[in-house]
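Given next are the chains, with one letter for each unit.
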Amino acid sequence: MIGHFISRLLPKRFKKAPRIYRAAQHNIRADAIDEAALNVVRRLHSAGFQAFVVGGAVRDLMLGRRPKDFDVATNATPEEIKPLFRRAFIIGRRFRLVHVHVGHDVIEVSTFRSAQTDEDATDEHGRLLSDNVYGTQAEDAVRRDFTINALYFEPESEEIWDYVGGVNDVRARRLKLIGPPVTRYREDPVRMLRAVRLTAKLGLTLAPTSEAPLVKLAVLMRNIPPARLFEETQKLLLSGNAEETVAQVRRYQLLPSFDALLSTPSAERFAGIALAHTDARLKAGKTVSPAYLFAALLWPTVMRERDAHLETGMKPAPAFIAAMDTALEEHAQMLAVPRRFQGIIREIWGMQPRFEQRQGQRPYRLLEQPRFRAAYDFLCMRAENREVLRELSTWWEKFQVADSDTRKAMQTAAPQPDAGSRSRPRRRRKGHGKAAAPSAE
Ligand code: ATP
Ligand code: MG
């Protein structure tokens, strides 16, 4: 009754009927949908509710990619959904969803919601502070970010319901914001990062109207809460196409902290190596540790700070420790790297000078470190960046697997480390102001 009353007050477009694509008109078959998600949809149907697979999964399937997860959208409220399943939990404060556990899978089931656009619900920059109002399917579609993310697939009829022209955009391989771009970016500046991530990951073109406001609105990124910013940054870097994504982020100046981190050719080269490694690992189906990647992005800063300290006459070990502190305290902060990663990052860094100590018991102790593997991979990247000699990384490659006689011989043949832990002392020209780290002042 109330719903009926509200729907009469809504502007016409919210009552808009979807364009329905029948099975013969598109490429998605029900058997491409995860069994757990299918079961959830069927259960909701048999209880008399509407239920669709929605969002990234439909988009990915249309593009011929395997979806990461399958989300379900329904007109049932969380209270109506929960009793239909044996293991279902209502979660979330900002917007309540239901997590339905099926075997080892968790299917996220959300109730159609409407985006509130009255002024009370936004901050002074236009950022949406609340979107906790249930709505119609048409409203649910238009509050989503991009047209290709707002497609609903109904597995029993194999129909796609499209309120926003998403099917045509998928076919044109075009990423296009729903609604007026400036307003939509203001509501949630994270959408700018999503635009870049999704175009790079899926090989799409950003629609000119969605691209035009990016540089101008980049300042809004400052208003994103740190935890959310980190989550998105991490997704950006782990998208499988990080090199391209980072290039786009820099092109639109979305994350100024990246520019600060990659301000020298050497830093840029090292980041390029790290990102290429990450992409290659992900393509090969291997896991990537975010801490490792952030350790790499911050490493050139550590080196720069350390060099600055050495130039003031500090000893190598304290210079290195002070440099790690600065990199973590100041620069990791800009990227909102959570504390829990900082310990791992420090371990990976801290082991680097120790690779040069190849005499006595030291290399054996290093091998026993729990993060030896990560630190060794890191050393290889440094060798690739010609920051240490290849000889060092190949020595460790062999030493790890050699028998004890070979190891002894390798130790005898290994060059002695320098008095300091600097692997390749570099002379800095005096008066070259730009190269000096801020802390040297
Ligand atoms: P991915 O492949 O990275 O998971 P995705 O589009 O599925 O991409 P999710 O974060 O899983 O991304 O979001 C699921 C859906 O929720 C999206 O497809 C989109 O419809 C909607 N959505 C996500 N983030 C936003 C946002 N910032 N604003 C509006 N809608 C969003
Ligand atoms: Mg998703």
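Note that the structure is predicted; figures quoted are calculated from it, not measured.

**Digging into the sheet that holds strand E10 (residues 159-162)**
In space, the eight strands of this open sheet follow the order E1-E10-E9-E2-E3-E6-E5-E4, with mixed pairing throughout. Because the sheet does not close on itself, it has two edges, and the strands there are strand E1 (19-21) and strand E4 (88-91). Sheet twist, expressed as the mean angle between neighbouring strand axes with direction ignored, is 30°. Pairing analysis gives two bridges linking strand E2 (residues 51-54) to strand E9 (residues 151-154), with the strands arranged antiparallel. Its bridge partner lying in E9, Val54 is registered against Tyr152. This element, helix H2 (residues 35-46), spans E2, strand E3 (71-74), strand E5 (97-102), strand E6 (105-111) and E9 of the sheet and lies at about 40° to E6.

**Quick look at the layout of surface pockets**
What the largest pocket holds in volume is close to 2000 Å³. As for the largest pocket, its lining consists of 50 residues, and the residues nearest its centre are Asp71, Arg194, Arg197, Glu232 and Lys235. The leading source of residues in the lining of the largest pocket is helix H11 (residues 226-237), at seven residues. Residues from two domains meet in the lining of the largest pocket; each of domain 1 (2-187) and domain 2 (265-421) gives at least three.

**As for helix H12 (residues 242-251)**
All buried positions along H12 are accounted for by Ala242, Thr245, Val246, Gln248 and Val249. What you see down the axis of H12 is that its buried residues fit within an arc of 160°, all on one side. As for H12, its buried residues are in contact with helix H8 (190-202), H11, helix H13 (256-261) and helix H14 (265-283).

**Notes on the packing of helix H16 (residues 316-334) against helix H17 (residues 339-350)**
In contact at an axis separation of 11 Å, H16 and H17 are set at 145° when each is read in the N-to-C sense. Crossing geometry of H16 relative to H17 is assigned as right-handed. Contact residues: H16 offers Phe320, Met324, Asp325, Ala327, Leu328 and Ala332, while H17 offers Gln342, Ile345, Arg346, Trp349 and Gly350. Tallied by class, residues from the contact of H16 with H17 come to seven nonpolar, two polar and two charged.

**Concerning the environment of Pro181**
Relative to the assigned elements, Pro181 resides in helix H7 (residues 181-187). Residue Pro181 is classed as buried on the basis of its relative accessible area, which comes to 18%. Considering only alpha carbons, one finds Pro181 and Met192, 11 residues apart in sequence, at a separation of 9.9 Å. The contacts of Pro181, once residues within four sequence positions are left out, are Thr209, Ser210 and Pro213.

**Observations concerning the pattern of salt bridges**
According to the stated counting rule, one finds 23 salt bridges in the structure shown. In this structure, Arg42 and Glu35 form a salt bridge, with 4.0 Å as the shortest nitrogen-oxygen distance.

**As for H16**
Given 3.6 residues per turn, any residue in an α-helix points the same way as the ones three and four places further on. For H16, which comprises 19 residues, the first-to-last C-alpha distance of 26 Å matches the rise-based estimate of 27 Å (1.5 Å per residue) to within 8%. Taking the largest bend as the criterion, H16 deviates by roughly 30°, centred on Leu328. Taken together, the buried positions of H16 are occupied by Ala319, Phe320, Ala322, Ala323, Met324, Thr326, Ala327, Leu328, His331 and Ala332. Among the structural elements, H13, helix H15 (290-311) and H17 are those in contact with the buried residues of H16. Phi turns positive, to about 60°, at Ala336, one or two residues after H16.

**Observations regarding the site of ligand 1**
Surrounding ligand 1, one finds 15 residues, the nearest of these being Arg59, Lys68, Asp188, Arg191 and Arg197. In this structure, an oxygen atom belonging to ligand 1 sits 3.3 Å away from a main-chain N or O atom of Gly56. Within the side chain of Arg191, an N or O atom sits 2.8 Å from a nitrogen atom of ligand 1. Summarising the interface, the protein chains cover 84% of the accessible area of ligand 1, which totals 590 Å² for the free molecule. Counting residues per element, the ones that place at least two in the shell around ligand 1 are helix H3 (56-62), H8 and H11. Of all the elements, H8 adds the most residues to the shell around ligand 1, at four residues.

**Let's talk about the confidence of the model for the protein chain**
Of all residues in the protein chain, 88% attain a pLDDT of 70 or more, and the chain-wide mean is 88. Every residue in residues 419-441 is under pLDDT 50, and counting partners more than four places away or in other chains gives 30 contacts.

**What about the nonpolar core?**
Core analysis: the largest hydrophobic core is formed by 96 residues, its most contacted members being Leu44, Val109, Val302, Ile345, Trp349 and Phe378. Per-element tally for this core: the top contributor is H15, with 11 residues. When residues of this core are assigned to domains, at least three map to each of domain 1 (2-187) and domain 2 (265-421). Contact partners of Leu44, with chain neighbours within four places excluded, come to Phe49, Ala51, Val72, Thr74, Ala76, Ile81, Leu84, Phe85 and Val109. Counting 17 residues, the second largest nonpolar core, distinct from the first, contains Met351, Phe372, Trp395 and Phe399.

**Here we look at the packing of aromatic side chains**
Pairs of aromatic rings are described using the distance from one ring centre to the other and the angle between the two planes. For the structure on display, the rule yields 19 aromatic pairs. Judged by centre distance (6.5 Å) and plane angle (45°), the ring pair of Trp299 and Trp349 falls under tilted. Placement of the pair is Trp299 in helix H15 and Trp349 in helix H17, with a sequence separation of 50 residues. Given the relative accessible area of 1%, Trp299 is considered buried. We classify Trp349 as buried; its relative accessible area is 0%. Within the aromatic cluster, the residues linked to one another by ring pairs are Phe355, Tyr364, Phe372, Tyr376, Trp395, Trp396 and Phe399.

What counts and how
- Residues numbered from 1 in each chain as written.
- Chains lettered and ligands numbered in written order.
- Predicted model: local features only at pLDDT ≥ 70, side-chain atom pairs only at ≥ 80, totals over all residues.
- Heavy atoms only, no water.
- Pairing = 2+ DSSP bridges.
- Helix = DSSP H or I, 4+ residues; strand = E, 2+ residues; numbered from the N terminus.
- Axes fitted to C-alpha atoms, helices over the stretch in contact; angles between N-to-C directions.
- Contact = heavy atoms within 4.5 Å.
- 1 Å grid on protein atoms, 1.4 Å probe; cavity = no way out; pocket = protein on both sides within 12 Å on 5 of 7 lines; lining within 4 Å.
- Points joined across faces, edges and corners; volume = space filled by probe spheres on them.
- Domains from an automatic or database assignment.
- Buried < 20%, exposed > 50% of the residue type's maximum accessible area, 1.4 Å probe, protein only.
- Arc of directions from axis to C-beta.
- Left-handed = near helix turned anticlockwise from the far one by under 90°.
- Nonpolar A, V, L, I, M, F, W, Y, C, P; charged D, E, K, R; others polar.
- Salt bridge = Lys/Arg side-chain N within 4 Å of Asp/Glu carboxyl O.
- Expected span 1.5 Å × (residues − 1).
- Bend = angle between axes of the 7 residues up to and from the residue.
- Near = heavy atom within 4 Å.
- Polar contact = N/O pair within 3.5 Å; in protein donor to acceptor, adjacent residues only side chain to side chain.
- Areas by Shrake-Rupley, 256 points an atom, 1.4 Å probe, with all protein chains shown as cover.
- pLDDT = per-residue confidence, 0-100.
- Core = buried A, V, L, I, M, F, W, Y, C linked by side-chain atoms within 4.5 Å.
- Phe/Tyr/Trp six-rings, centres within 6.5 Å; stacked < 30°, edge-to-face > 60°.

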